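Architecture and fold: a report
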Amino acid sequence: MSQDLSSKENPIATKAALGQAIPVTNLPVQRGKIHIKEQKGRFQRLRTGLNSLLILFFFLLPFIPYQGRQAILLDVERQEFHFFNLTLWPQDFTLLAWLFIIAAFALFFVTVFWGRVWCGYLCPQTSWSFAFVWIERQIEGNSNKRHALDKAPWSLEKVLKRGAKHLAWALAGLITGCGFIAYFIPASELYPQIFTLSASFWVSAWVWFFALCTYLNAGWMREQMCLHCCPYARFQSAMFDANTLTVSYDAARGESRGPRKRKQATDLGDCVDCNLCVDVCPTGIDIRNGLQYECINCGACVDACDQTMDKFGYGKGLIRYASENELQKKEVKRFNSFKFVGYGIAVIIMLSVFVLDLYRHQSIDLNVIRDRQSLYREVGDGRIENSYTLKIRNKTQEDHQYLISLNDTGNHGFAKETSQQVLIKAGEQLSYPVTVFKQKRADFVGAKLQKQTITFTVTNLSNPKEKVSQASPFFSLSAF
């Protein structure tokens, strides 16, 4: 009996063409433990390449040397955070805050255009999960063999395979734990200490903590992290619009689906119901059920479907990256989207603020602390004194000579009792006491308390353009 696209005989295709909800009853659903079927294709080559680069950079960055030390080192104990020639301190963490804000808006910007591609191609959870799946495949075989091994009774072969897999997972987790802690402790010291069991208790505890997290997340939980733990999966839909490119099934072309032989004449849609799109999905969903928050846009089902379409002589793109408007044959205005433009402007603004903040970043930090035990002291030679402590931090990676000066722009006769120059080593903070005094005026007729402002300036003698100033009050009597 012939089939057409009428609403009576093919309601699914008609609903899809009209943009209505597609019924999901009696559609194949992945159940039980997910064993991802290996899939080749252009999107999987792209994903594998990006995942590999991410993992490679993660492990190699701590080994990059720079001026006799690790180029990227977050020294929490000394509160020094080195990024090549830039050293940041806790008070500079506004820069880090701007970076997080920029990353968030950039993610939103990409999501409006490409959907959840971050999850599919660059998310560490995805990268390590696929790496652990690769290890599992090398030891236990392809997805069919792994399913069979799950159902097989316990035997020596099963024990050996499972034991080897978990041992390899544990080793991968341990190396990952070392890779993470190597950003906080020099990698050249950390790895030998861990693998010779000579590391301190806390260093070992943190390494094994992250090793355990990696083992559980990438080995056991995998898609459960994406489905239930990741907040991005829950709020991503708020960033989607009708022009967002997501992995989509063209129901108008594919329905009614059904199996058939190659080159067999049929009135069915192009979907041959091979179920490969489900078998290769890392989260186990059926993309033919419509857009689902579980989809991570990795494109595995796109490659699988294109491969099947090639075999049957059909055109590619039954499952493809497409927008809602594209599927409904409407005009696509991707670059005119309010969200796309809004998030793009937000990224530019935040990036500009970050660059400005970085440009204004000073290599000298000055904090003037006035002696609060007494407002002032009168001394016998006709003068009044205020005491201060200058906390000067050299935020560079080299030793420098600094000049301390007192700016008296009002010509009030202030002077200080201290030497002019100090040497501060790289990354160190110097607490330097300074006494400022003022001589008694000759026209003294009475006295009352008064407050004036003085300014301390610290200048780097090797680069006079590097200077920092801070004002502080000076208390005295009007007779002075």
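The structure this text deals with has already been given above.
Notes on the structure in this doc start here. In this text, all values refer to a predicted model and were calculated from it rather than measured experimentally. (Residues numbered from 1 in each chain as written. Predicted model: local features only at pLDDT ≥ 70, side-chain atom pairs only at ≥ 80, totals over all residues. Heavy atoms only, no water.)

1. A closer look at the layout of surface pockets
Its volume calculated, the largest pocket comes out at about 1500 Å³. Around the largest pocket, the lining comprises 33 residues; the ones closest to its centre are Leu 54, Phe 58, Phe 100, Pro 124 and Phe 180. Among the elements that take part in the lining of the largest pocket, helix α3 (residues 94–114) stands out by supplying six residues, more than any other. Of the residues contributing to the lining of the largest pocket, the split by class is 29 nonpolar, four polar and no charged. (1 Å grid on protein atoms, 1.4 Å probe; cavity = no way out; pocket = protein on both sides within 12 Å on 5 of 7 lines; lining within 4 Å. Points joined across faces, edges and corners; volume = space filled by probe spheres on them. Helix = DSSP H or I, 4+ residues; strand = E, 2+ residues; numbered from the N terminus. Nonpolar A, V, L, I, M, F, W, Y, C, P; charged D, E, K, R; others polar.)

2. Details of the packing of aromatic side chains
Throughout the structure, instances matching the rule amount to 24 aromatic pairs. Ring centres of Phe 58 and Tyr 183 lie 5.9 Å apart, and the angle between their planes is 40°; this geometry places the pair in the tilted category. Of this pair, Phe 58 sits in helix α2 (residues 42–60) while Tyr 183 is found in the loop between α7 (156–181) and α8 (187–195), placing the two residues 125 residues apart along the sequence. Here Phe 58 matches Tyr 183 in class, with each residue buried. Put simply, the rings of Phe 43, Phe 109, Phe 113, Trp 114, Tyr 321 and Phe 340 touch in pairs and so form one group of aromatic residues. (Phe/Tyr/Trp six-rings, centres within 6.5 Å; stacked < 30°, edge-to-face > 60°. Buried < 20%, exposed > 50% of the residue type's maximum accessible area, 1.4 Å probe, protein only.)

3. Topic: the side chain of Lys 395
Within the secondary structure layout, Lys 395 lies in the loop between β10 (383–394) and β11 (400–407). At 3.3 Å, the side chain of Lys 395 forms a polar contact with the backbone oxygen of Gln 362. Once residues lying within four places of it in the same chain are set aside, the contact partners of Lys 395 are Thr 87, Trp 89, Asp 92, His 361, Gln 362, Ser 363, Ile 364 and Asp 365. (Polar contact = N/O pair within 3.5 Å; in protein donor to acceptor, adjacent residues only side chain to side chain. Contact = heavy atoms within 4.5 Å.)

4. A closer look at the environment of Glu 331
Within the fold, Glu 331 resides in the loop between α15 (324–327) and α16 (338–359). Overall, the relative accessible area of 60% leaves Glu 331 in the exposed class. Sequence separation of Glu 331 and Asn 243 is 88 residues, and the distance between their C-alpha atoms is 9.1 Å. The residues contacting Glu 331, other than those within four sequence positions of it, are Asn 243 and Asn 325.

5. A word on the nonpolar core
Counting 23 residues, the largest nonpolar core has Trp 128, Cys 178, Leu 190, Ile 194 and Val 207 as the members making the most contacts within it. Those elements giving two or more residues to this core turn out to be α2, α5 (124–140), α7, α8 and α9 (201–221). Counting residues per element, this core draws most heavily on α7, which supplies five residues. Once residues lying within four places of it in the same chain are set aside, the contact partners of Leu 190 are Cys 178, Ile 181, Ala 182, Ile 185, Val 203 and Val 207. In terms of nonpolar packing, the next biggest core, distinct from the first, is built from 21 residues, Val 368, Leu 390, Tyr 402 and Phe 414 among them. (Core = buried A, V, L, I, M, F, W, Y, C linked by side-chain atoms within 4.5 Å.)

6. Focus: the sheet that holds strand β4 (residues 80–83)
In space, the three strands of this open sheet follow the order β3-β4-β5, with antiparallel pairing throughout. At either end of the open sheet lies a strand with only one pairing partner, and these are β3 (72–75) and β5 (86–88). Taking the axes of each pair of neighbouring strands and ignoring which way they run, one obtains an average angle of 15° across the sheet. Judged from the three bridges that link them, β4 and β5 form a sheet pairing that is antiparallel. (Pairing = 2+ DSSP bridges. Axes fitted to C-alpha atoms, helices over the stretch in contact; angles between N-to-C directions.)

7. What to know about the sheet that holds β11
What the four strands build is an open sheet, ordered β13-β11-β15-β16; its pairing is antiparallel. The open sheet terminates on both sides in strands that have one partner only, identified here as β13 (421–424) and β16 (467–477). Taken over all neighbouring pairs, the strand axes of this sheet differ in orientation by 30° on average, direction set aside.

8. Details of a nonpolar patch on the surface
Nonpolar side chains collect at one region of the surface, where Leu 53, Leu 56, Phe 57 and Leu 60 lie side by side and expose about 390 Å² of accessible area between them. Mapped onto the secondary structure, Phe 57 falls in helix α2. (Patch = residues over 30% accessible without salt bridge, like charges linked within 9 Å, V, L, I, M, F, W, Y side chains within 5 Å. Areas by Shrake-Rupley, 256 points an atom, 1.4 Å probe, with all protein chains shown as cover. Salt bridge = Lys/Arg side-chain N within 4 Å of Asp/Glu carboxyl O.)

9. Details of the side chain of Asn 325
With respect to the helices and strands, the residue Asn 325 is situated in helix α15. With a relative accessible area of 12%, Asn 325 lands in the buried category. Other than its neighbours up to four places away in sequence, Asn 325 contacts Ala 242, Asn 243, Lys 330, Glu 331 and Val 332.

10. What to know about the pattern of salt bridges
One side chain can pair with another of opposite charge once the charged atoms of both are near each other. Considering all chains together, one arrives at 17 salt bridges under this definition. Between Asp 310 and Lys 316 there is a salt bridge, with the nearest N and O atoms lying 3.6 Å from each other. The exposed category is assigned to Lys 316, whose relative accessible area is 54%. Measuring nitrogen to oxygen at the nearest pair gives 3.2 Å for the salt bridge that ties Arg 377 to Glu 385. Within this structure, Glu 136, Glu 140, Arg 146, Asp 150, Arg 162, Lys 165 and Arg 222 form a network of salt bridges that share partners.

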